[in-house]
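# Breakdown of the fold
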Amino acid sequence: MLFHTSGTTGGPKLVRYSVEDLGRVAELCARFARLEGVGRDSRVMVLLPMGLWTVGRITVDGHRRAGAQVFPVDLHGGVAAWQHMAEQIRPTVISSTPSVLSAWALHYRGPRLELIETTGETLLHEERHRIEAAFGAFVYDAYGLSECVVGSECAVRDGYHYWPDATGVEVLHPDCDQPVPEGEEGELVLTSFMQTRMPMLRYRSGDIGRVERAQCACGSAQSRVHLSGRIATSLNLPRAVKLDVNQLTQLLQELEPGLRFRYKDMPGRPSAPHLAGAFRPTIEIVGRLVRSRKRIEHRLWSALPELAELVHEGVVDLHWIERSTRQHAASANL
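Fair warning: this is a prediction, and the values are worked out from it, not measured in the lab.

## Observations regarding the pattern of salt bridges
Applying the stated criterion to the full structure yields 24 salt bridges. A salt bridge links Glu-121 to Lys-264, with the shortest nitrogen-to-oxygen separation between them at 2.9 Å. Placement of Glu-121 in the loop between β6 (115–118) and α5 (125–135) and of Lys-264 in strand β16 (residues 260–264) is noted, with a sequence separation of 143 residues between them. By relative accessible area, Lys-264 is classed as buried at 8%. It is possible to trace a salt-bridge network through shared partners that takes in Asp-158, Arg-210, Glu-212 and Arg-224.

Okay, here's the thing in structure tokens:
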């Protein structure tokens, strides 16, 4: 079977799965569901692309293997159609992309859910807060690629738990292809042990992160992946503005050690068809900003006048997220 990637590594590609591959990856997704608390009493509305994207198919099959009642709903029709379907299904769990859920959040009318699952895109702090407030449920995010499914958050939300029998995760220096010291950041290089039709062996994800092997506060001894960004030299902003990533990173570090940024462009196909016009590119600056935000903002606008213009004219959204040191480390998942 052929599926379509979302094109985050440069352009969409075809991904090949055998029926047996899909079954194995669906069983991995069932582990995610059980970790989150999905079971026999759950009614799961899976609101994802069902044809082009692997995530729709394996999310449906994975939740069925976890014992839940599952109701696949394609994205066609928009918010009105989703609301109508939810009124008929009365789900206890909704699984979708952050953009779809953010668009629906303004109009959602229904019971409080047991939990929400997000996948397929960057989940920003503001999106998580908006979704949880509207749907009345705790958000669990998942990390993976069309080429290789990786892991899911637990209730602690301190990284993505992954299973070493299903996915191999290496952290290499992006420039010299050598392993980084234990616990340090580098490019995540992934191997899937679930796929035979199109084997993924040491696949360069383009994501920057680290692996933590210490026991999680939830009690699990499984290793976790922490994401911090994408490998990129520049951010392509509206009006043909290119923002140098190294310059922005260095500037933030000079202003306040530990300050980081996360960037999300407008969502596109297949993760959020016909919704892209409802969003603006967003930069989140995350750190301990209790007393220094105004100073940082002033210096930022002075050094990056093009960004200041885009923000002040409402073309790009800029959010400031205050975090303690521990929260910052746990939530830097671009």
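## Side note on unusual backbone geometry
With a phi close to 55°, Arg-202 is a non-glycine residue in the positive phi region. Assignment of secondary structure puts Arg-202 in the loop between β11 (186–192) and β12 (203–212). Positive phi, normally seen in glycine, also occurs at Arg-239, with a value near 60°. The topology assignment puts Arg-239 in the loop between β14 (234–237) and β15 (241–244).

## As for the packing of helix α7 (residues 293–303) against helix α8 (residues 305–312)
Where α7 contacts α8, the axes come no closer than 5 Å and their chain directions differ by 115°. Between α7 and α8, the angle falls in the class roughly perpendicular. Contacts between α7 and α8 involve Trp-301, Ser-302 and Ala-303 on the former and, on the latter, Pro-305, Leu-307, Ala-308, Val-311 and His-312. Classifying every residue of the contact of α7 with α8 gives six nonpolar, two polar and no charged.

## Some points on helix α3 (residues 78–89)
The end-to-end C-alpha separation of α3 is 17 Å, in line with the 16 Å expected for twelve residues at 1.5 Å each. Within the sequence span of α3, burial applies to Gly-78, Trp-82, Gln-83, Ala-86 and Ile-89. The buried residues of α3 occupy one face: seen down the axis, they fall within an arc of 145°. Seen from the open side of α3, the exposed residues pointing more than 90 degrees away from its buried face are Ala-80 and Gln-88. Residues of α3 that are buried sit in contact with β3 (43–47), β4 (69–73) and α4 (98–105). Backbone geometry just after α3 places Arg-90 at a positive phi near 55°.

The rules behind these values
- Residues numbered from 1 in each chain as written.
- Predicted model: local features only at pLDDT ≥ 70, side-chain atom pairs only at ≥ 80, totals over all residues.
- Heavy atoms only, no water.
- Salt bridge = Lys/Arg side-chain N within 4 Å of Asp/Glu carboxyl O.
- Helix = DSSP H or I, 4+ residues; strand = E, 2+ residues; numbered from the N terminus.
- Buried < 20%, exposed > 50% of the residue type's maximum accessible area, 1.4 Å probe, protein only.
- Axes fitted to C-alpha atoms, helices over the stretch in contact; angles between N-to-C directions.
- Parallel < 35°, antiparallel > 145°, perpendicular 65-115°, else oblique.
- Contact = heavy atoms within 4.5 Å.
- Nonpolar A, V, L, I, M, F, W, Y, C, P; charged D, E, K, R; others polar.
- Expected span 1.5 Å × (residues − 1).
- Arc of directions from axis to C-beta.

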